[in-house]
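If you want the building blocks of each chain, they are given just below.
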Amino acid sequence: MAESVVLDPVDLHLLRLLQNDARATYRDLAAQVGVAPSTCLDRVSRLRRAGIILGHQLRLDPAKLGRGLEALLSVQVRPHRRELVGPFVERIRALPESRTVFHLTGPDDYLVHVAVADMADLQRLVLDGFTAHREVARVETRLIFQQWDCGPLLPPESAGTTPTAKSG
């Protein structure tokens, strides 16, 4: 059973700050939320143990790494059976061009965000990385012209509620 973790205003403030700058020091975080650095460290450690903080990511610019063309591939797998899902997802995740894989409901089974060098590279990826496999029935490609990051996951500070997070 998942353990419930009550997030108080200090926890929420810490999470907001860390979402905006995961490299902030405990000393800086503590000063901004009004607690001692040791308390800040304890709280962040508790949020990690509870599974609320999942990790830190280094974001790279695909274009500056020679992969300036990004696309979304809608993939239909047939038959869509449990024994094919795991190996399919692991194979797609192992492709260096794959950025994100989503398992969906609806007419498409997967949505895969990829970054490639150019159109020829995209064609090679679709033909060799996807449709060459027997279970892939269809791939539909959508080019990404531009993308924007959205705001933090947490509610605004003025929401006035204390959420309960479930870990597990």
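See the structure printed just above.
The sections below set out a description of the structure shown in this document. The written sequence of each chain sets the order in which its residues are numbered from 1. Local features in this predicted model are restricted to residues of pLDDT 70 or higher, and side-chain atom pairs are both shown and tallied only at a pLDDT of 80 or more, whereas totals for entire chains, interfaces and linings draw on every residue. Water and hydrogen atoms were dropped before computing side-chain values, which therefore reflect all heavy atoms in the structure.

1. Description of helix α1 (residues 9-20)
Definition in use: The helix count covers DSSP runs of H or I at least four residues long, the strand count covers runs of E at least two residues long, and both are numbered beginning at the N terminus. In this scheme, a helix's expected span is set at 1.5 Å multiplied by one less than its residue total. Type-normalised accessible area, obtained with a 1.4 Å probe on protein chains alone, sets the label of each residue: buried when under 20%, exposed when over 50%, and partly exposed for intermediate values.
In this model α1 runs 17 Å from its N-terminal to its C-terminal C-alpha over 12 residues, within 8% of the 16 Å that 1.5 Å per residue would give. Of all the positions in α1, only Asp11, Leu12, Leu14, Leu15, Arg16, Leu17 and Leu18 are classed as buried.

2. As for the packing of aromatic side chains
To describe a pair of aromatic rings, you give the distance between the ring centres and the angle between the ring planes. For clarity, the threshold we go by: Classification of ring pairs uses Phe, Tyr and Trp, with its six-membered ring standing for Trp, and accepts pairs whose centres are within 6.5 Å; under 30 degrees between planes counts as stacked, over 60 as edge-to-face, and the remaining range as tilted.
This structure, assessed with the given rule, holds one aromatic pair. Residues Phe88 and Tyr110 carry aromatic rings whose centres are separated by 4.6 Å and whose planes lie at 40 degrees to one another, so their mutual orientation is tilted. Separated by 22 residues along the polypeptide, Phe88 in helix α4 (residues 82-94) and Tyr110 in strand β4 (residues 110-116) bring together distant segments of the chain.

3. Remarks on the side chain of Asp121
How we decide: Polar contact is the term for a pair of N or O atoms within 3.5 Å; when the atoms are in protein, one must be able to donate a hydrogen and the other to accept it, and sequence-neighboring residues count only if both atoms are side-chain atoms.
Positionally, Asp121 belongs in helix α5 (residues 119-131). Among the polar contacts listed, one links the side chain of Asp121 to the backbone nitrogen of Ala117, at a separation of 3.0 Å.

4. Points about the packing of α1 against helix α2 (residues 26-33)
Here is the rule we go by: Each axis is a line fitted through C-alpha atoms, taken for helices only over the stretch in contact, and angles between the N-to-C directions span 0 to 180 degrees. Note that the term roughly parallel is reserved for angles under 35 degrees, roughly antiparallel for angles over 145, roughly perpendicular for angles of 65 to 115, and oblique for everything else. Helix crossings fall into two classes, left-handed where the near helix is turned counterclockwise from the far one by less than a right angle and right-handed where it is turned clockwise. Note on definitions: a residue-residue contact is assigned when non-hydrogen atoms from the two residues lie within 4.5 Å.
At their nearest, the axes of α1 and α2 sit 10 Å apart, and the two run at 130 degrees to each other. Between α1 and α2, the angle falls in the class oblique. α2 is crossed by α1, and the crossing has right-handed handedness. Across the interface between the two elements, Val10, His13, Leu14, Leu17 and Leu18 from α1 touch Leu29, Gln32 and Val33 from α2.

5. So, the sheet that holds strand β3 (residues 98-103)
What counts here: For two strands to be treated as a pair, DSSP must find at least two bridges joining them.
Spatially, β3-β4-β2-β5 is the arrangement adopted by the four strands of the open sheet, whose pairing is antiparallel. This sheet does not close on itself; its edge strands, each paired only once, are β3 and β5 (136-144). Within the sheet, the average angular offset between the axes of one strand and its neighbour, ignoring direction, is 20 degrees. Packed on one face of the sheet, α5 meets β2 (69-77), β4 and β5 and runs near 155 degrees to β5.

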